[in-house]
Amino acid sequence: MTDVLTMRNVTKRFGGLTAVGDVSFTIKEGEIFGLIGPNGAGKTTIFNLITAVYTLSEGEILFYGDSIASADPYGKGFVNGVKRRFNWKPLKPYQIAEKGITRTFQNIRLFKKLSVFENVLTACHRSGSYGLLQSVLPRKLPILKATLPWASSFCKQEEMLNQKTAELLQLMGLWEVRDMVAANLPYGMQRKLEIARALALNPKLLLLDEPAAGMNPEETIQLMELIRQIRDDFNLTVLIIEHHMDLIMGLCDKIFVLNFGKALAEGTPDEIQDDKRVIEAYLGKEEDIHVEGKQS
Ligand SMILES: Nc1ncnc2c1ncn2[C@@H]1O[C@H](COP(=O)(O)OP(=O)(O)OP(=O)(O)O)[C@@H](O)[C@H]1O
């Protein structure tokens, strides 16, 4: 199986704090890969490193074999007090998205005042190939549609993007609430809307940061099925952070456990559940493992 994402000896320091220390793992194509660990273990920092929100202190991140992030070992561009020129320019978050890595956030980040439909449509527009004037003029002057070739091609594209938005909303069970303002949606639906928006960008790798947070057990089980279906329908690879152990153990092909920024264990759900270090450091006492709900 092809390697989709490789973390190679990745370290991130914030001043004296090592949030992520020498972490290495590889995610294979089509895998649902779980990233777990107690609060503050460094999970979201890893998402922020992959999506170029943060730069690396050490190490390298590869996506389908190509480097997408690499450390600048000399901090602010100086070595031994001499200014150093760097050939390597860190990618921006939007460039990471264009490469095929999209994400949801632990603290939901929607366009709160836009409708559910508009939230997804704006993301779909990223894949449209027309400029501002081309998109505005045919709306203002409908006659242009019939007379100018680019205007009619814009309208076709617009139709396709509307269709894509509708399909995503139906898949995520959000079609019925398409006209609601995003801020008025229940919390669980806002999380699903974030996933729909991330999918609208045509990712190859989808990063989900606590997608089940705030969901009840029934919604969590539905979400688990949905993530599997999304993976299969869109041929995706998924990296997921989650505190719901039932979801992680039932969903993931592989799990990586972080503790204080360091790798603690890696394996299948069965291996992780049986790993004494994980039980002690993260899951608590052995008899607590099968207790439902958040374990941290
Ligand atoms: N921008 C930042 N500046 C300074 N410290 C940070 C920054 N971002 C994260 N940290 C610190 O890095 C450590 C890891 O944080 P991170 O958010 O990655 O943990 P987490 O495993 O995602 O936790 P949780 O499960 O609570 O979301 C924490 O000690 C946190 O305070």
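Residues numbered from 1 in each chain as written. Predicted model: local features only at pLDDT ≥ 70, side-chain atom pairs only at ≥ 80, totals over all residues.

1. Notes on the sheet that holds strand β2 (residues 17–28)
Strand pairing in a sheet is mediated by backbone hydrogen bonds. Such pairs are either parallel or antiparallel. This is how it is decided: DSSP calls a pair of strands paired once it identifies at least 2 bridges connecting them. Starting at the N terminus, helices and strands are each numbered in turn, a helix being any DSSP run of H or I of at least four residues and a strand any DSSP run of E of at least two. Comment: axis = line fitted to C-alpha atoms, over the contacting stretch for helices; angle = value between 0 and 180 degrees taken between N-to-C directions.
The sheet built from four strands is open, its strands ordered β2-β1-β4-β5 with antiparallel pairing. Either end of the sheet is taken by a strand with one partner, and the two such strands are β2 and β5 (66–70). Between one strand axis and the next, the sheet turns by 20 degrees as a mean value, whatever way the strands run. Two strands pair when backbone bridges link them, and strand β1 (residues 3–14) and β2 are joined in this way by eight bridges, in the antiparallel orientation. When the sheet's bridge partners are listed, Asp3 is paired in β2 with Lys28.

2. Overview of the domain arrangement of the protein chain
The criterion, for reference: Note that the domain bounds reflect an automated or database-derived domain assignment. Three classes are used: nonpolar for Ala, Val, Leu, Ile, Met, Phe, Trp, Tyr, Cys and Pro, charged for Asp, Glu, Lys and Arg, and polar for all others, with Gly counted as polar.
Segmenting the protein chain into domains produces domain 1 (1–76 + 84–100 + 203–296) and domain 2 (112–196). A class-by-class count of the residues in the side of domain 1 that touches domain 2 yields three nonpolar, one polar and one charged.

3. Focus: the site of the ligand
The line we're drawing: Defining nearness, a residue is near a molecule or strand when the C-beta atom obtained from its backbone falls within 6 Å of it.
Around the ligand, the neighbouring residues are Phe14, Leu17, Ala19, Gly37, Asn39, Gly40, Ala41, Gly42, Lys43, Thr44, Thr45 and Gln106. Elements supplying a minimum of two residues to the shell around the ligand: β2 and α1 (43–50). Ranked by the residues each element gives to the shell around the ligand, the list is headed by α1, at three residues. Class assignment of the residues belonging to the shell around the ligand gives a composition of four nonpolar, seven polar and one charged.

4. Comments concerning the confidence of the model for the protein chain
Heads up, the condition is: Each residue carries a pLDDT score, the predictor's own confidence in it, on a scale running from 0 to 100.
Residues of the protein chain with pLDDT of at least 70 account for 79%, and the chain-wide mean is 84. Note on the complex model: pTM 0.84, ipTM 0.97.

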